[in-house]
Structures are given as C-alpha cells and as structure tokens.
Amino acid sequence: MMESGVPYCSTCGEPVGFVSGGEEKEVFVACHGCGYPLCKACLEDEMRDGRTSCLRCDEPYRHVLDKAHEDPDDVGETAPIEDHTSMHQGNRFHARSTSSFSAVGSEILSESGNPVWKDRVQSWKEKKKSTKKAPKKAEKAEIPVEQQQFDEKELTDTREPLSRVIPISKNKLTPYRAIIILRLIILGLFFHYRITNPVHSAYGLWLTSIICEIWFAFSWVLDQFPKWCPINREAYIDRLAARYERDGDGSALAAVDFFVSTVDPLKEPPLITANTVLSILSVDYPVDKVSCYVSDDGAAMLTFEALAETAEFARKWVPFCKKFSIEPRAPEFYFSQRIDYLKDKVQPSFVKERRAMKRDYEEYKVRINALVAKAQKTPDEGWIMQDGTSWPGNNTRDHPGMIQVFLGQTGAHDIDGNELPRLVYVSREKRPGYPHHKKAGAMNALVRVSAILTNAPFILNLDCDHYVNNSKAVREGMCFLMDPAVGKDVCYVQFPQRFDGIDKSDRYANRNIVFFDVNMKGLDGIQGPVYVGTGCMFNRQALYGYGPPSLPALPKSSFCSWCCGCCCCCSGPKEEKKSENEIYRESRREDLNAAIFNLHEISNYDEYERSMLISKMSFEKTFGLSSVFIESTLMENGGVPESANPSTLIKEAIHVISCGYEEKTEWGKEIGWIYGSVTEDILSGFKMHCRGWRSIYCMPTRPAFKGSAPINLSDRLHQVLRWALGSVEIFLSRHCPLWYGYGGGRLKWLQRLAYINTIVYPFTSLPLIAYCSLPAICLLTGKFIIPTLSNMASVYFLGLFLSIIVTSVLELRWSGIGIEDWWRNEQFWVIGGVSAHLFAVFQGILKMIAGLDTNFTVTAKASDDGDFGELYVFKWTTVLIPPTTILVLNLVGVVAGFSDALNSGYEAWGPLFGKVFFSMWVIMHLYPFLKGLMGRQNRTPTIVILWSVLLASVFSLLWVKIDPFISNTEGQESKGCLDFDC
C-alpha cells in the first residue's frame, strides 16, 4: 500500500519501498551519502550492469546491498493499488483517448499489465544483460565502441534529473543582502532623527511627511524581503525525450489540455484568437496528447465561424510548421517577422511551400475579415446558421450551453494524412438570475468539460491574445511537472509574459521587466511565483483542491474512530471522542485553506473504508452532481474513466456547464479558479500555496508565449486600475493574506509577505499623492518638512540616499535587467500610484460599503497613424485628473520658488535648493505622463487643461485664505508688530 512521504525511484517512478529497521519499517535508502532515490530492483540492475557507485555523489552502493541480502524479505516495493479510483499511481504520464473517447487503458498499460515506462526500462536492462553475457571478444566484434558509448549515454540520461536549480552567485548575492540589512539600520536612524526633530513652524507638513515615509518604508520591506533568495532554473528537454520518448515506442509524455478564453470578438479580434489557436495546434508535442478548448463567453456566432475556418486552415498550417520547424507558429507573427527566414533552412522546397502557405494564409485572413465585416450589424431576426436554424446564442445573457468538437473526434487529418490535435468550442449556459463570475467562471466550466472529454493531468491556460512563441515551451514545463524528484508537489509552472508591439523605450513600463525578471525569481526561491493569469501550466489535481503528496497521511486508527463517531457507533465518552477529532484535525486540515482531500491516503483503506471516506467528504457537494466528473477527479494521472459511456460524454459535458451546476458546491470557493475578485489569478494561486503546494518559474531562452499590451497612456492606466481594484477586493475579503491561511502552517512567511504586498500596494496611492504634493506646498509657502540639518543629520540623509542607489545597482547586477527598464518601472510606479491606484481604492471601498460598482469608461478622442501609432492615441478618462493636477502644481511651485528667491536675496537660495530638488524628483517621475498628455504634436485636450487649471486655482485660493501651516505664535507676533506701528 502507498505510504505518504515515501520518495519515488528516479529510474522507474515507483515508490522505493521499505526495509526493516527493528520494530518499525524504514524507507529504503540506496545511497546514504546524498539520499538519491532508487528502489531495490533498479539498484540491483545497476550492480549487475557494473555501476557500483551513486550517479549523483559517486559513493559506493555495496554496503546497502550487503544489508539487504542479510534479510531479503524485508526489502520490497510497494504494492499497486487496484481500485479504479486511484489507478496508475506510479505513472506520471497519460495517454489521451482516441476519437471514440473510449480507448484509455490500452495506451497506459502494456500487455503484461505493467506500466509502459517500467516495461520499457526493463527491456533496456535485459538487452544490456544479454550483451554482458556474451564473450568479451564477440561483444567487441558485434557492437562498436561508439554504439556502446551512445547506449550508455541514453541509459544515463533516463536517470538524470530533468531540471536543476541554478543559485545566484554568492559574489552577487552576499553584497546585495548586506546592503539590505545596512539600509534597514540606516532607516532606523533616519526615522529616529526625523521623529525627534519636528519642524514647529510647519508642523502639519512635517507630520504628513513622517506618516508617508513610514508607509513607504513598510512597503519597501514587503517588496524587498521576498527577493532575499532569488534563483534561476534550467530544464533539460533532451533528457525528457530520452526518458519518455524512444524510437519504436509510443510517447509516454503526459497529455495537456490548453484553455483559451475570449468574450467579445469585436474587442478581441477573431484573427488574433485564431493565431493563438493555430500556434497551440502546431506545438512540438505528440498530437494525441494535445487538446485545445476555446471558451466563447459571449456566445458569438462570429467566434464559432472563425473557429471553423481556423480548423480547416490548420490542416495546411500544422504540417508546414512541423516539416520546416518554423518559429513562431502563429502565422500572423511568423510572416510579419523582419528577419532572414531562409536562415538554417536546407530543404529546397521551403521557399516554394512558404510562398504557397503565405498565399493560403492571406486568403484565410480575407475570409475571417469578411466574417468580421458581416458581424458589425446584428440582423433584426438574429443570426442564422448555415443549416437555416437560429443561432442559440442570439441572446448573450440567456442561451443554452454549446459544445462543438472541430478536430480530433471525427478523425480529421491534415493534408499529409496525419492526425491533428483536438479542437473544441465551448460556450457555457447563461440564464438571467444566475451569477457567471466572468473569466473565473468560464475557466471553471472549461475544467469540467475537459475532464469529461479528455481529462489530461495538466492544463495550460492562455489569453486569446497570447500565442505560443516557443513550440517547445510545453516540453520545458513538463521537465518540472514530470520530474519524479520535483513535480510531485508542483501545482503550476508559470512562464513570464513577453509582449509584441511595444515601443523601444517602453514609455509606460508595459513589459513589466522588473516584476517578471526580479520579483518572480525571488519568489521562485521561496515557495514559487504568483499566478499571473496566463501562460501557466497547472497540475489538474491542484485545481481540484487536493493537497500535494507531501501532506501528512491520515492515521488509519483516527479515521476509523472518526467514522465510528460520525455514525454514532462509538460508545466512548464524549471527551475522548472530542480528543480524537482534535487529533484528526491537527494531523490533516485545520481550516479552509487546507486541501479538500489527499489522493495518496486513499490507498490506506480497504474498499468499505474508501467508500465511507468518499461519502463523508461529500464529493457531490464539493464537485457537483456528475458521477463521470467525480470519477475523473480521482484519476491522478488523467484519462477518461473506463466506466464512462462514449455515447453520452457530450451530453454529460453539456450538463457540467449548465448555469446551475455550481450551486451549493465548492466551485469558486475552494476548488478551481476562485471567485470574489476581478484578479482571480492572484487569489487562485494564493489558495494553492496555502494548501502546501509550490510553484515553479520557467524562463526558456526563447520566450514561451507572447501577447499584446495597451501602449497608450489611457488604456495602460485603465488596465492598471483593474489590477489594483482586484487587489483591493482581496484585501477586503476573507481571503486577505493578512489573516487567512495561518492554521495549516504551509504558507512560508516570506511568501506571505509577497502576497500581502500584492494586495496592499494600491493603498500606497494615498501617502504618495500627499508626498508628491508636499514640494509644491513647500515652494508656495516658503516652509519645509526638514529643519536645519546638522552634520549627523546630513550623514543620515546621505547614507539613506546612497543605500537606495546601491541596492538598485546590486539588484540590476544579479537580475541582469537594464537600468532603463528599472527607471521606467520607478516612473510608472509613481504615475500609476497617483492615478489608477487611487481610483481603485475608492472604488473598492464604495463597492464594499454601498454595493456601488463604479466603472471608469475610456473613450477615444484623437489618434495618429504610423509606427506605434497607438502610443499617441489619447483617450479621455477621469483617472488622468490627479496626476495632471500634481504636475501643474509642482511646475507652478518651482516658478514661484525661484521668483521668491530672486526677491528675497542671497540667503533664500540655500533652502530653495532642497525644495526644488524635491519638486524636480516628482516632475521627473511624471515626465512620461506629461509626454502622453502632449501626444506626438504636443496637443492636450481642452478638458484636461480646464480641469487641471481649475483644481490648481481652487487649491491656491484656499491656501491663501486658510494658510493652515502657519503657527499661532507667528500670527500673534505679526499682529503685535502692527499694533506698535513698527
């Protein structure tokens, strides 16, 4: 029986087993030097083949076998699980069912009933044994030395790890950590000086600055310390192929279900979605292991028809991509590349076939454009399909569920007669009165549909505008998910986001280089990167709320007592019953952040106890009323359940996307994509990490996926507003990392700091706006937030300034990013903080208190053509008012400050320097915003100027009238002078 915590053999994937160690059994250890996981059977084969030392540390195995031979009955492998609910536990692969949806087991097990991988390894070893039994002279004559070395290398590759961690050099990391600690000390001394030396003449300004600076220091700690132990990773796709793919044998790679989500084809062009689908269908991966599910949450016939055209074009495009190994495999972006497309191409027919394919693609684009043009105006009677029937989705808010399998089920092949990956169109049912939860609800519907039809053990989700840029990206991810030493506890592999169509200077930090190349590497060294919504490969079991295999197993005695207590069959006293329940809760799940169920503990019980456990866990209340779907959730390695009837699978898939299916279940609460925030990605990843899973950050040399990003100012701020609003919603919910998920103790503290930072950063907008307004106020009033500096105070200020610079330089050094990317990130932190983040805070608070869902709409006002023409498009939005006002105030303040200094004489120039430096710091950070307002021809909409001048004038008049920062003593002295006529 499977025991929790037993490592898996690096060669065959089976548990290593146990060896007697007195009264209790101990886990079998092949190498005491490094603990390299190897079962006894594979160890004996190693010894027979002449390899007497560990592959990892080179320590001899001999002492282990001597101990094993003393008592051979005490060493053995774990027994396989026979129950269908946890079949194929030892295999980390999955074979997708054929077009009839029924052939599952035939691809997973061999004729002998053993796992395919195990039989294949055994056949290699037998081949080696037969070679060794032959006489040495004959062996040399039959097999060349080069062939022997090649076979030895292949067998070694199957035992080597599929990935490795590359630590950051100590020469780079040690100074970085030292300066962080030094900066903390300097911060403490700085705040001691600032608090103990108030400015009585401008007490309000001083107090405001102190509060802002304390909050900035807190935000810096939240952002800095999760980057304490950054790492890099490297994947070995050649070893993956050597282990799971051999010539003459079927591929044992795990299947992958791709999810693509779209809503409105008029805002998300069908051609872009089609390119994403085409890039998925042509990935470098076994076609029988790839399925693509497209979610059309707008139920648009345009999307349906465009997908039908795409399926037809894929019959030509997919074989072309694989024949010539082109990159990227999205035709729009491949044909638009400004590179030498003949580089590395040696086949004479390439030029001719490329020209023909480009012509076919242009004809395909014309057909798609014709569909888009036809869809611009909806007919009064609604859309009519080609067979004359009305389109079911004419009412986008009231329509039935729709599923159409375009490729895969009917045996569709490409023009060369080869099988194509499966392509499925899905539009979930929508009815008035039922919540749909936007993207999160659509993704959960795809999880259930894919579980019914293909049930691949891994899921990769992409936005409709993110295409596969690296055809081997799936293999890169599989190097982590299918690695026996790493993948067992990995909930997802996150790839960085990369973008096309961004101007070279990246004026508004659209690439997010600092986040993806610095922060995410830091998180990878703790418990893993956060989920960012796209370009992510999931372990399906993690989405179901199951815990990782490393979770502690439930003691059988505790389970039996619990079941007996629940069934009122236990006659013990109440105190003892309560104590046993407490032991159960402590050993398993202590609060809602824990896993719903651990599949590995099911093997500890017989058939009756298993049925009792499943009954007690209330699977129907958790997953919904679908026996086929529930059975699929218990298949850890995927595959369609054998009990499923192929003729009813589509009907069952329609059932699981009905609008009422999720009622009174755990969907969106504990399983699947979590509801309650517009940024469901952060929330869903947070729940998985709370259950004890870890995630992996994979950065291939060639970017795995590429997408498009809004490059004009208004759209960029609107995007940031949506992200910040989601963070505020999480902060105001029960899932807030400040108080959620402490019971299980599975979320590491630095990881929690990172999640806290993701939900509190919008609130930085409040002190940031106040702090950016202080320079203008100081220049207009002649006051300042800092008293006359002493020598020691100057040292504190200089030390803090230098520590900030050195920290940034050392961070650039170990991360490898450029100084321009770092500066753009700093600038947009201020721009977004004083605009979008501020509106997100107020919108989130209004939504919680009054239930008001305020939307800040964006409407176009002007545009320009040419390269990066969208960069200069200006769209009016209220988000632009606060930063414009701050910019105008600081510019006016600088002018007023110099004017006052000119009138006051030489003594006023010294204090002016600090105030102007402070104000110029604000203006420099807002400079990209100023360029965005001016546009290409320095044009600013009148509405912006009117609002800004009006607000600046009002604040100035109020200041002259009230002047709140002048102390009472000054006023009394001034009044006294007037009385004595002095």
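Residues numbered from 1 in each chain as written. Predicted model: local features only at pLDDT ≥ 70, side-chain atom pairs only at ≥ 80, totals over all residues. Heavy atoms only, no water.

- As annotated in an unreviewed UniProt entry, the chain carries the name Cellulose synthase and is attributed to Rhynchospora breviuscula.
- What the UniProt record of the chain gives under Catalytic activity (unreviewed entry) is the line "[(1->4)-beta-D-glucosyl](n) + UDP-alpha-D-glucose = [(1->4)-beta-D-glucosyl](n+1) + UDP + H(+)".
- Under the UniProt heading Pathway (unreviewed entry), the entry covering the chain gives this text: "Glycan metabolism; plant cellulose biosynthesis." (UniProt positions renumbered as here; feature names shortened; annotations may be inferred.)

Some points on the overall build of the chain
(1) Moving on: For the chain, the helix and strand inventory stands at 35 helices and 17 strands.
(2) Moving on: When the 982 residues of the chain are sorted by exposure, 53% land in the buried category.
(3) Moving on: Residue pairs at least 24 apart in sequence account for 78% of intrachain contacts in the chain once pairs closer than 6 positions are excluded.
(4) Moving on: Here the chain has roughly 44000 Å² of accessible surface; of this, 57% comes from carbon and sulfur atoms. (Helix = DSSP H or I, 4+ residues; strand = E, 2+ residues; numbered from the N terminus. Buried < 20%, exposed > 50% of the residue type's maximum accessible area, 1.4 Å probe, protein only. Contact = heavy atoms within 4.5 Å. Areas by Shrake-Rupley, 256 points an atom, 1.4 Å probe, with all protein chains shown as cover.)

Quick word on helix α7 (residues 170–196)
(1) Moving on: Along its 27 residues, α7 runs 39 Å from first to last C-alpha, staying within 8% of the 39 Å computed at 1.5 Å per residue.
(2) Moving on: Regarding α7, the residues found buried are Leu173, Tyr176, Ile179, Ile180, Arg183, Ile186, Leu187, Phe190, Phe191, Tyr193 and Arg194.
(3) Moving on: The inward-facing, buried residues of α7 contact α8 (203–224) and α28 (791–815). (Expected span 1.5 Å × (residues − 1).)

A closer look at the pairing of strand β8 (residues 422–427)
(1) Moving on: Within β8, 6 of the 6 residues are buried, leaving the element largely enclosed by the surrounding structure.
(2) Moving on: Where burial is concerned, the two faces of β8 agree: the one with Arg422, Val424 and Val426 and the one with Leu423, Tyr425 and Ser427 are both buried.
(3) Moving on: Note: strand β6 (residues 290–296) against β8, 5 bridges, orientation parallel. Bridging from a neighbouring strand, Val294 pairs with Tyr425 of β8. (Pairing = 2+ DSSP bridges.)

Describing the sheet that holds β6
(1) Moving on: A sheet is described by the order of its strands in space; here 8 strands give the open sequence β7-β8-β6-β5-β9-β13-β11-β14, paired in mixed fashion. In this open sheet, the two strands that pair with only one neighbour each are β7 (402–407) and β14 (694–697). Looking at each pair of strands side by side, their axes are set apart by 20° on average, direction ignored. (Axes fitted to C-alpha atoms, helices over the stretch in contact; angles between N-to-C directions.)

Some points on the UniProt feature "active site" (unreviewed entry) in the chain
(1) Moving on: Under the present numbering, the feature "active site" (unreviewed entry) in UniProt falls on Asp297 and Asp681.
(2) Moving on: Tracing the backbone shows Asp297 in the loop between β6 and α11 (301–324).
(3) Moving on: Among the polar contacts listed, one links the side chain of Asp297 to the side chain of Arg428, at a separation of 2.7 Å.
(4) Moving on: Considering the arrangement of structural elements, one finds Asp681 in helix α24 (residues 680–690).
(5) Moving on: Note on Asp681: relative accessible area 13%, which makes it buried.
(6) Moving on: Non-local contacts of Asp681, meaning those with residues more than four positions away in its chain, are made with Tyr531, Val532 and Gly533. (Polar contact = N/O pair within 3.5 Å; in protein donor to acceptor, adjacent residues only side chain to side chain.)

Digging into the packing of helix α27 (residues 765–781) against helix α30 (residues 836–849)
(1) Moving on: One way to put it is that α27 packs onto α30 with a least axis distance of 9 Å and a crossing angle of 135°. With respect to α30, the axis of α27 lies oblique. Viewed along their axes, α27 and α30 form a crossing whose handedness is left-handed. The segment α27 lies against α30, with Ser765, Leu766 and Ile769 engaging His837, Leu838, Val841 and Phe842.
(2) Moving on: Looking at the contact of α27 with α30 residue by residue, the class counts come to 5 nonpolar, 2 polar and no charged. (Parallel < 35°, antiparallel > 145°, perpendicular 65-115°, else oblique. Left-handed = near helix turned anticlockwise from the far one by under 90°. Nonpolar A, V, L, I, M, F, W, Y, C, P; charged D, E, K, R; others polar.)

Describing the pattern of salt bridges
Side chains carrying opposite charge are able to pair once their charged atoms draw close together.
(1) Moving on: Inspection of the entire model under this criterion finds 31 salt bridges.
(2) Moving on: A salt bridge links Arg428 to Asp297; its shortest N-O distance comes to 2.7 Å. A residue pair is termed long-range when its members are at least 10 positions apart, and Arg428 in the loop between β8 and α14 (438–453) and Asp297 in the loop between β6 and α11 qualify at 131 residues. Of the two residues examined, Arg428 and Asp297, each falls in the buried class.
(3) Moving on: The residue Glu729 makes a salt bridge to Lys847 at a minimum N-O spacing of 2.8 Å. Of this pair, Glu729 sits in helix α25 (residues 713–731) while Lys847 sits in helix α30, and the two are 118 residues apart along the sequence.
(4) Moving on: Ionic contacts of the salt-bridge type, sharing partners, join the residues Glu245, Asp284, Lys472 and Arg475 into one network. (Salt bridge = Lys/Arg side-chain N within 4 Å of Asp/Glu carboxyl O.)

Topic: the packing of aromatic side chains
(1) Moving on: A full pass over the atoms with the stated rule returns 48 aromatic pairs.
(2) Moving on: Pairing Tyr203 with Trp206 gives two aromatic rings, centres 5.2 Å apart and planes at 45°, and the pair type is tilted. Within this pair, Tyr203 and its partner Trp206 are both found in helix α8, separated by 3 residues, close to a single helical turn.
(3) Moving on: Among the residues examined, Tyr203 registers a relative accessible area of 43% and is labelled partly exposed.
(4) Moving on: Judged by its relative accessible area of 6%, Trp206 falls in the buried class.
(5) Moving on: Taking the centre distance of 5.2 Å and the plane angle of 85° together, the rings of Phe304 and Tyr425 count as edge-to-face. Of this pair, Phe304 sits in helix α11 while Tyr425 sits in strand β8; the two residues are 121 residues apart in sequence, bridging distant segments of the chain. With respect to burial, Phe304 and Tyr425 carry one shared label: buried.
(6) Moving on: Following the ring pairs from residue to residue traces out a cluster consisting of Phe313, Trp317, Phe320, Phe324, Tyr334, Phe335, Phe350, Tyr361 and Tyr364.
(7) Moving on: Sitting over the ring of Trp667, Arg448 keeps its end group 4.8 Å from the ring centre.
(8) Moving on: In this structure, Arg716 is placed above the aromatic ring of Phe828, and the distance from its NZ or CZ to the ring centre is 4.6 Å. (Phe/Tyr/Trp six-rings, centres within 6.5 Å; stacked < 30°, edge-to-face > 60°. Lys NZ or Arg CZ within 6 Å of the ring centre and 35° of its normal.)

Considerations on the UniProt feature "transmembrane region" (unreviewed entry) in the chain
(1) Moving on: Cross-referencing UniProt, the feature "transmembrane region" (unreviewed entry) maps to residues 173–191, 203–222, 759–781, 793–816, 828–850, 871–896, 908–930 and 942–960 in the present numbering.
(2) Moving on: For residues 203–222, the end-to-end C-alpha separation is 29 Å, with 100% helix and 0% strand making up the annotated structure.
(3) Moving on: Helix makes up 87% of residues 828–850 and strand makes up 0%, while its end C-alpha atoms are separated by 31 Å.

Looking at the sheet that holds strand β15 (residues 705–708)
In a beta sheet, neighbouring strands are held together by backbone hydrogen bonds and run either parallel or antiparallel to one another.
(1) Moving on: If you trace the 3 strands from one edge of the open sheet to the other, you get β10-β15-β12, paired in mixed fashion. Strands at the two margins of the open sheet, each flanked by one partner only, are β10 (467–468) and β12 (498–500).
(2) Moving on: In the sheet, β10 pairs with β15 via 2 bridges, with the strands oriented antiparallel. Across the sheet, Val468 pairs through a bridge with Phe705, a residue of β15.

Concerning a nonpolar patch on the surface
(1) Moving on: Where nonpolar side chains cluster on the molecular surface, the patch consists of Leu798, Phe801, Leu802, Ile805, Val809, Phe913 and Phe917 and spans about 730 Å² of accessible area.
(2) Moving on: Mapped by element, the contributors of at least two residues to the nonpolar patch are α28 and α32 (909–925).
(3) Moving on: The dominant element in the nonpolar patch, judged by the number of residues it contributes, is α28, at 5 residues.
(4) Moving on: In this fold, Phe917 is placed in helix α32. (Patch = residues over 30% accessible without salt bridge, like charges linked within 9 Å, V, L, I, M, F, W, Y side chains within 5 Å.)

Some remarks on the side chain of Asn461
(1) Moving on: On the secondary structure map, Asn461 appears in strand β9 (residues 458–463).
(2) Moving on: Relative accessible area serves as the criterion here: at 0%, Asn461 is assigned to the buried category.
(3) Moving on: Those residues in contact with Asn461, other than ones at most four positions away along the chain, are Phe259, Met443, Tyr531, Gly533, Thr534, Gly535, Cys536, Phe538 and Trp673.

A word on the side chain of Glu652
(1) Moving on: One can find Glu652 in helix α23 (residues 649–656).
(2) Moving on: Buried charged residue Glu652 carries no salt bridge. Nearest counter-charge: Lys651, at 7.8 Å.
(3) Moving on: Within the structure, the side chain of Glu652 is placed 2.5 Å from the side chain of Ser626, a separation counted as a polar contact.
(4) Moving on: Not counting residues up to four positions away in its chain, the partners in contact with Glu652 are Ile452, Ser626, Ser627 and Val628. (Lys, Arg positive; Asp, Glu negative; His and termini not counted.)

Side note on the environment of Ala412
(1) Moving on: Secondary-structure assignment places Ala412 in the loop between β7 and β8.
(2) Moving on: We classify Ala412 as buried; its relative accessible area is 19%.
(3) Moving on: Sequence separation of Ala412 and Glu312 is 100 residues, and the distance between their C-alpha atoms is 9.6 Å.
(4) Moving on: The contacts of Ala412, once residues within four sequence positions are left out, are Leu407, Glu419 and Leu420.

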